[in-house]
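Okay, here's what each chain looks like letter by letter:
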Amino acid sequence: MRYKTRLYVDLSLLGENFQKLKDLCPHNEVLFMVKANAYGHGMVPIVRYAVTVLGIKEFGCATLGEARELRDELNDLQFEIYVFSDIHLEFQSCAEFYLNRRLIPVISNMADFDFILSREDFKNFPLCLKVDSGMHRLGFREHQIPEVISKLKKANRSRVFHLMSHLAQSTAVIDANSHSALQYKNFLSMKKMLLDANIVVERSSIANSGAIEQQFALAETHIRPGLIMYGPTSLNKECRNISKWTGRTISRLETYVIESFNVKKGDAVGYGGAVIPEDGVVALIALGYGDGFSCRNKHPWIKHKGEWGQVLGRFNMDMAQIYFPKKDKSFVAHGGPFVIWGHDPQDILHYADQTDSIPYEHFCQLTVRVPRLYCSE
Ligand SMILES: *Cc1c(COP(=O)(O)O)cnc(C)c1O
């Protein structure tokens, strides 16, 4: 575990982002996505704060293990948990968890659907169905809906608790000719098939961050934000200017300078001997791929005390070299703090853009070696 390298999480910024979300979508209920350890921010503290302070009542996990951990750690609190992809209904012991701990499996194929309908003990259990409206990943395809309906009728079930679908291209511009528009049209047509068969659809959702940022598909009861709750826009670089999102990054990734030394043009530094292009200073920071800090063989620039420094040379497991041209040791004193990203969402977006990646990955890949520290000012 690191000491001076930490991910500080300011929960009051989660509150600020949630308020901004409600301003953008005043009529929607929120199903807050906290899969992958709340995008690396620590699922249990995030959900505890979201339930007790923000009043959020519904959360989305990807795996049954995540959902169980939430119930175990927060068993004094009341909230719904959906398990999205890794549901494992085929194991008897797992089926029991859903029933006994009230975890809602998102049903997206016929085998799981048949299983739920066949079980007496699931008879009154909320039925959450996911349909494929054009992402071609998980979900019932449109041609399967008549079969879904006839099976519901046969099992004497007249309600779907939550009908959902997922958008494949909401990080791009959504207009009348976009793939998202087509997906939403397909979603509505599948919903209508259910309604026309007198199946009650109690809740519905399709909007993820990209759709929310463009105020798209807000006529459904629910929205399912992930990334924007943690701060950054999810939109592609080319169209970020159209985003209505103004949230701030709730975390700050801070490390420190282990050592710094002056370098001369032509010096070779670190693994593989990266050659210094002009005189300057190199700071060694306490963050490497063992912490989940990976630059993907790119050499991104990071701002420090108002000046740009560049990640130099190859990866290290335990540290990274940051090179500041034309500077000397007085600029990066050993022991001083070094921030990789702060609360300005541009920090992590700029870093992701330069490494051909997305902010999601940088949040999620931080390893357990980086302690998460929480405050709520
Ligand atoms: C992850 C996920 C979301 C949230 O996506 P963001 O882009 O982070 O907002 C919503 N719905 C489903 C099904 C997801 O898997």
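As a reminder, the structure under discussion sits directly above these lines.
Cut-offs used in this document
Residues numbered from 1 in each chain as written. Predicted model: local features only at pLDDT ≥ 70, side-chain atom pairs only at ≥ 80, totals over all residues. Heavy atoms only, no water. Helix = DSSP H or I, 4+ residues; strand = E, 2+ residues; numbered from the N terminus. Buried < 20%, exposed > 50% of the residue type's maximum accessible area, 1.4 Å probe, protein only. Contact = heavy atoms within 4.5 Å. Near = heavy atom within 4 Å. Polar contact = N/O pair within 3.5 Å; in protein donor to acceptor, adjacent residues only side chain to side chain. Areas by Shrake-Rupley, 256 points an atom, 1.4 Å probe, with all protein chains shown as cover. Nonpolar A, V, L, I, M, F, W, Y, C, P; charged D, E, K, R; others polar. Core = buried A, V, L, I, M, F, W, Y, C linked by side-chain atoms within 4.5 Å. Lys, Arg positive; Asp, Glu negative; His and termini not counted. Salt bridge = Lys/Arg side-chain N within 4 Å of Asp/Glu carboxyl O. Axes fitted to C-alpha atoms, helices over the stretch in contact; angles between N-to-C directions. Parallel < 35°, antiparallel > 145°, perpendicular 65-115°, else oblique. Left-handed = near helix turned anticlockwise from the far one by under 90°. Phe/Tyr/Trp six-rings, centres within 6.5 Å; stacked < 30°, edge-to-face > 60°.

A. Summary view of the overall build of the protein chain. In terms of regular secondary structure, the protein chain is built from 12 helices and 18 strands. Along the first, second and third principal axes, the C-alpha atoms of the protein chain reach 80 × 45 × 40 Å. Residues counted as buried form 54% of the 377 residues belonging to the protein chain. Once local pairs closer than 6 in sequence are excluded, the contacts in the protein chain between residues at least 24 apart make up 68%.

B. Highlighting the site of the ligand. The ligand sits among 13 residues. The nearest are Lys35, Tyr39, Ser209, Leu227 and Tyr360. In this structure, an oxygen atom belonging to the ligand sits 2.6 Å away from a side-chain N or O atom of Lys35. Between an oxygen atom of the ligand and a main-chain N or O atom of Leu227, the distance comes to 2.8 Å. In the complex, 91% of the free accessible area of the ligand, which totals 390 Å², lies under the protein chains. Counted by class, the shell around the ligand contains 6 nonpolar, 4 polar and 3 charged residues.

C. Quick look at the environment of Tyr98. Considering the arrangement of structural elements, one finds Tyr98 in helix α5 (residues 92–101). Classification of Tyr98 as buried rests on a relative accessible area of 0%. Sequence spacing of Tyr98 and Glu80 is 18 residues, and the spatial spacing of their C-alpha atoms is 11 Å. Other than its neighbours up to four places away in sequence, Tyr98 contacts Leu64, Val83, Asp86, Ile87, Leu89, Leu103, Ile104, Pro105, Phe122 and Phe125.

D. Quick look at the nonpolar core. In terms of nonpolar packing, the biggest core is built from 111 residues, with Leu21, Phe32, Val34, Leu70 and Phe113 touching the most fellow members. No other element matches the 7 residues that helix α3 (residues 43–52) contributes to this core. Val263, Ala274, Ile276 and Val282 belong to the second largest nonpolar core, which has 7 residues in total.

E. Highlighting the environment of Glu16. Note that Glu16 resides in helix α1 (residues 11–24). Measuring from C-alpha to C-alpha, the distance between Glu16 and Met229 comes to 9.2 Å, with 213 residues separating the pair along the chain.

F. Here's a closer look at the side chain of Glu66. Relative to the elements of secondary structure, Glu66 occurs in helix α4 (residues 64–73). Of the buried charged residues, Glu66 lacks a salt bridge, with Lys35 as the closest side chain of opposite charge at 8.4 Å. Contact partners of Glu66, with chain neighbours within four places excluded, come to Lys35, Ala36, Asn37, Met43 and Cys61.

G. Expanded view of the pattern of salt bridges. With the rule as written, the count across this model stands at 22 salt bridges. One salt bridge connects Asp114 with Lys151, and the closest N-O pair in it is separated by 3.0 Å. Of this pair, Asp114 sits in helix α6 (residues 110–118) while Lys151 sits in helix α7 (residues 145–154), and the two are 37 residues apart along the sequence. By sharing partners, the salt bridges in this structure join Arg2, Asp291, Asp318 and Arg369 into a single network.

H. Summary view of the side chain of Glu213. Along the chain, Glu213 turns up in helix α9 (residues 209–213). The side chain of Glu213 sits in the buried core without any salt bridge; Arg240 is the nearest counter-charge, 7.6 Å away. A polar contact is formed between the side chain of Glu213 and the side chain of Ser243, at a distance of 2.6 Å. In this structure, Glu213 is in contact with Ile228, Thr233, Ser234, Leu235, Ile242, Ser243, Lys244 and Trp245, ignoring residues within four places of it in sequence.

I. Highlighting the packing of α7 against helix α8 (residues 179–196). The interhelical angle for the contact between α7 and α8, taken along N-to-C directions, is 30°, at an axis separation of 10 Å. Classified by the angle their axes make, α7 and α8 are roughly parallel. The handedness of the crossing between α7 and α8 comes out as right-handed. Contact residues: Ile145, Pro146, Ile149 and Leu152 in α7; Met190, Met193 and Leu194 in α8.

J. Local environment of the packing of aromatic side chains. Within the structure shown, the criterion is met by 16 aromatic pairs. Between Tyr184 and Phe216, the aromatic rings sit 5.4 Å apart at their centres with planes inclined by 70°, giving edge-to-face as the arrangement. In this pair, Tyr184 sits in helix α8 while Phe216 sits in the loop between α9 and β9 (222–223), placing the two residues 32 residues apart along the sequence. Across this residue pair, the class does not change: Tyr184 and Phe216 are buried. With a centroid separation of 5.8 Å and an interplanar angle of 20°, the aromatic rings of Phe293 and Tyr351 are classed as stacked. In this pair, Phe293 is assigned in the loop between β13 (280–285) and β14 (301–304) and Tyr351 in helix α11 (residues 345–354), connecting sequence segments 58 residues apart. The burial state of Phe293 is the same as that of Tyr351; both residues are buried.

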